Amino acid sequence: MRRRARHLAALAALAVALPLAACGADDGTPRLTWYINPDNGGQVELASRCTQAAEGRYRITTEVLPRDAASQREQLARRLAAKDSSIDIMSLDPPFIPELSEPGFLAPIPDDVAEQVTTDVVQGAIDGATWKDRLVAIPFWANTQLLWYRKSVAQAAGLDPSSTPVTWQQVMDAAADQDKFLGVQGAKAESLTVWINALVESAGGHVLENPEAPADELRLGLESDAGRAAAQIIGTIGREGLGGPGLPTADENATMSVFQRDRGSFMVNWPFVWSATNAAVDDGTLPASLVDDIGWAMYPQVDEGTDARPPYGGINLGIGAFSRHVDLALEAAQCIVTPENQAWYFATNGNPPSSTKAYDDPDVQEAFPMADVIRDSLEQAAPRPQTPYYNEVSTGLQETWHPPASVDPDTTPRDSTDFITAVLRGEALL
Amino acid sequence: MSTPTGGRGRGRSDRARDEARLGWWLAGPAFVVMLAVTVYPILQAFFDSLFSYRLTAPGDKAFNGGRNYVVVLSDPVFWRAFLVTLVITLVTVLVEVILGFFLALVMHRAIRSLRGVLRTAILVPYGIITVVSAFAWFYAFDISSGFVNHWFDWVPGIDADLNWFAHQGTSLFVIMASEIWKTTPFISLLLLAGLSQVPGELEEAAQVDGATWAQRLQRVVLPNMRAAIMVAVLFRALDAFRIFDNVFIMTNGANGTTVLSLLAYRTSIGRLEIGLGSAISVLLFLCVIGICFVAIKLFKVDLASARGEA
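To start, this report covers the structure provided alongside it. (Residues numbered from 1 in each chain as written. Chains lettered and ligands numbered in written order. Predicted model: local features only at pLDDT ≥ 70, side-chain atom pairs only at ≥ 80, totals over all residues. Heavy atoms only, no water.)

## As for the overall build of chain A
A count of helical and extended segments in chain A gives 19 helices and 11 strands. Rg of the C-alpha trace for chain A: 23 Å, near the compact-globule value of 22 Å for 430 residues, within the 12% margin. With respect to the principal axes defined by its C-alpha atoms, chain A has extents near 70 × 60 × 35 Å. Taken over 430 residues, chain A has a buried fraction of 57%. Within chain A, contacts between residues separated by at least 24 positions form 74% of all contacts whose residues are at least 6 apart in sequence. When the accessible area of chain A is evaluated, it comes to approximately 17400 Å², of which 49% is carbon and sulfur surface. Separation between the mean location of the 31 positive side-chain charges and that of the 59 negative ones in chain A comes to 9 Å. (Helix = DSSP H or I, 4+ residues; strand = E, 2+ residues; numbered from the N terminus. Rg over C-alpha atoms; globule rule 2.2 N^0.38 Å. Buried < 20%, exposed > 50% of the residue type's maximum accessible area, 1.4 Å probe, protein only. Contact = heavy atoms within 4.5 Å. Areas by Shrake-Rupley, 256 points an atom, 1.4 Å probe, with all protein chains shown as cover. Lys, Arg positive; Asp, Glu negative; His and termini not counted. Charge placed at Lys NZ, Arg CZ, Asp CG, Glu CD.)

Written out as structure tokens, the structure reads:
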């Protein structure tokens, strides 16, 4: 009883002391607000680590943005358009960086800082943080999709993706022969754009030929062999039911659960599936044997022998142009992205670093045995079209390339080109 | 308002004036607040709708007359969304009124001791937040986590491989079903209020005259409930026409399920095209006004009289 009373007293003391401490810190110490995307608590921890490292020069507090990237962009764009000075640092999804940078919503990154934060950083992440040849955001973590496969299925098909890169055709044939489902994202969402872009880029094309042009001069590159090759793959998977009945509504999570079940075969997905599957095995919801059956390799090729251009995602840190403490925010952002912090973030939250050094961390190698494949994939990765009109392009693609079964190499590339061009000229609604 | 009787002529007009003034004092603040939160945004939206204005390119804002309206009204996307919204409104309101009337009759005739419990039970769906109910219905029908395909696989056309949210018809079915499930209680309550206003002696008189149950319903009960039915239909039609949550969560407009509210949201919030989006919002507002107008003309009811203030 006495022990319990003492615990209670300690709790009560804490309850009184904590708010007091919070009040005390408000005096004089500049407060930086970091708008973060939801994660497993890693960014909150990084904020407190950097607050400690700053030794009283600044204090970082976090604000959580909505779950999906599109809503995060909506909220940030609305706030920045209203010149919100409370946004000091923000976690930005790379495709939306040009849109926020073009009207001057992001504070410029000084050259010395730019040089420092791009040293030993994977090329994909630098490209994703650059707009009109200037670094406009600080590379934080970088994501890429791998080809995940069930070793049993690959073996039965006579494939070894980990040693020789496989092609989409081989993967589709293997799934068809063994009556299994492919894990691809066919839902009408951003993940569909990710897939289309990776296929077009892997086939040597680009969704946008001149991404830096103004809206009415943008040219699409879909009416090309690369665009038709992408449409061929998506249409075939859709029409032949290779993605299973859930394909038209499959996002990354739905794809993962198809892959984990009996008819799982090959899947393209982000590395979070590895930690999620392991967590499910630890919880006992999935059999332990499943983990041993999972292999990983580079994203599939479209043309045999030509390196694939895997999707690139992740988060870069933007500095709010209307922040009252731009210099401190830059300093804090540099603290957040140190290789040690990135390595810790990867090992605990499963988000791969943009810093190449962070991959050598022993904790990283232990938690993610595929870390080296991820780093190689990031070096080859192709960003989605970098244009201030990304939302129009992406939604326009989703509008015309969904459902996957309706995609036809003879018509879809032309239809989507006409549609997106009309939308960009302000002649059509999305 | 009733006029006080008696008193001297001079005093009465003083009192009437005081009463009117008190009325303004009481209603004034609410009236001002209402103007601020409704009229101002409506005017602002109308103003914005005349510009080519993108939130991320504030410098390029330019007056373009009615071009936004021309673009919207000449685009099949708008008309498809309009048609889908109209279908959802008509089907859900019709089903809700019939179901709601039936539920109201059950509640009206139920044994007194059961009435309270029944009313509470019927009201439960209405108390659930729309977003929550939309998620519940979504997960129930979802192909990877849903149970509907397993429970109803004996129904022709339903099997484990049916992806409800991959086709227009099935998506709309789930959207409308969840809408009906959620708002029928509201209609039934309004209709119950109407039912209890039908004078009992009229029904008795009709019964004595030998009218059958159907005749009594058609000639006595329904005409006396006209105001209540109109209020129910009007409120629900306005709500249904502005449907957003269910569609946003279940399909986000995929497979031809885009409704007008979603289109307005996608244009002004998603694309940040404030001008074009405002034009859609203004058109949506005009549609809603149109529904009010038609409903009031159709039922020939003075709303004030429905509150017993003839």
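Alright, that's what it looks like, and here's the rest.
## Topic: the environment of Phe322(A)
Residues and elements named next belong to chain A. The topology assignment puts Phe322 in the loop between strand S11 (312–319) and helix H14 (326–336). Here Phe322 falls in the partly exposed class, since its relative accessible area comes to 23%. Along the backbone, Phe322 and Glu209 are 113 residues apart, and their C-alpha atoms lie at a distance of 33 Å. Apart from residues no more than four positions distant in its own chain, Phe322 is found in contact with Leu80, Lys83, Asp84, Ser85, Gly104 and Phe105.

## Regarding empty space enclosed by the protein
All names here are of chain A. Within the structure shown, the criterion is met by 4 cavities of 30 Å³ or more. Of the voids in this model, the largest cavity is the one considered here, and its volume is about 50 Å³. Along its surface, the largest cavity is lined by Ala69, Gln72, Arg73, Leu76, Ser91, Leu92, Asp93, Phe96 and Leu100. Counting only elements with at least two residues in the lining of the largest cavity, the list comes to helix H3 (69–81) and strand S3 (89–92). Of all the elements, H3 adds the most residues to the lining of the largest cavity, at 4 residues. Taken together, the residues of the lining of the largest cavity break down into 5 nonpolar, 2 polar and 2 charged. (1 Å grid on protein atoms, 1.4 Å probe; cavity = no way out; pocket = protein on both sides within 12 Å on 5 of 7 lines; lining within 4 Å. Points joined across faces, edges and corners; volume = space filled by probe spheres on them. Nonpolar A, V, L, I, M, F, W, Y, C, P; charged D, E, K, R; others polar.)

## Brief notes about the interface of chain A and chain B
On the side of chain B, 29 residues touch chain A, which itself brings 27 residues to the contact. Taken as a group, Pro245(A), Leu429(A) and Leu430(A) account for 27% of the area that chain A buries against chain B, more than any other trio of residues on that side. The shortest N-O distance in the salt bridge between Glu392(A) and Arg271(B) comes to 3.1 Å. For the interface between chain A and chain B, the tally reads 11 residue pairs in polar contact (both at pLDDT 80 or more). The set of elements that each furnish at least two residues to the side of chain A that touches chain B consists of H3 and helix H18 (390–400) of chain A. For the side of chain A that touches chain B, the element with the most residues is H3(A), which contributes 5 residues. Tallied by class, residues from the side of chain A that touches chain B come to 12 nonpolar, 5 polar and 10 charged. (Buried area = accessible area lost by both parts, 1.4 Å probe. Salt bridge = Lys/Arg side-chain N within 4 Å of Asp/Glu carboxyl O. Polar contact = N/O pair within 3.5 Å; in protein donor to acceptor, adjacent residues only side chain to side chain.)

## Regarding the sheet that holds S11(A)
Residue and element names in this part refer to chain A. If you trace the 5 strands from one edge of the open sheet to the other, you get S2-S1-S3-S11-S6, paired in mixed fashion. Looking at which strands have only one partner, the edges of the open sheet turn out to be strand S2 (59–64) and strand S6 (138–144). Within the sheet, the average angular offset between the axes of one strand and its neighbour, ignoring direction, is 20°. Relative to S11, S6 runs antiparallel, the two being bridged by 6 bridges. Bridging from a neighbouring strand, Pro139 pairs with Asn316 of S11. Packed onto the sheet, H3 meets strand S1 (31–36) and S3 and runs at close to 145° relative to S3. Helix-sheet contacts for helix H17 (residues 371–380) involve S6 and S11, and the interaxial angle to S6 is about 110°. (Pairing = 2+ DSSP bridges. Axes fitted to C-alpha atoms, helices over the stretch in contact; angles between N-to-C directions.)

## With respect to the nonpolar core
Within the largest apolar cluster, 98 residues are counted, with the highest numbers of intra-cluster contacts made by Trp34(A), Phe140(A), Leu317(A) and Ile336(A). A per-element tally of this core places helix H13 (residues 274–299) of chain B first, with 12 residues. Every residue in contact with Ile336(A), bar those within four places of it in the chain, is listed here: Trp34(A), Leu46(A), Cys50(A), Ile60(A), Ile89(A), Phe140(A), Leu317(A) and Asn341(A). Core analysis: the next-biggest nonpolar cluster, separate from the first, contains 48 residues, Ile196(A), Leu218(A), Phe266(A) and Tyr389(A) among them. (Core = buried A, V, L, I, M, F, W, Y, C linked by side-chain atoms within 4.5 Å.)

By themselves these figures say nothing about function.
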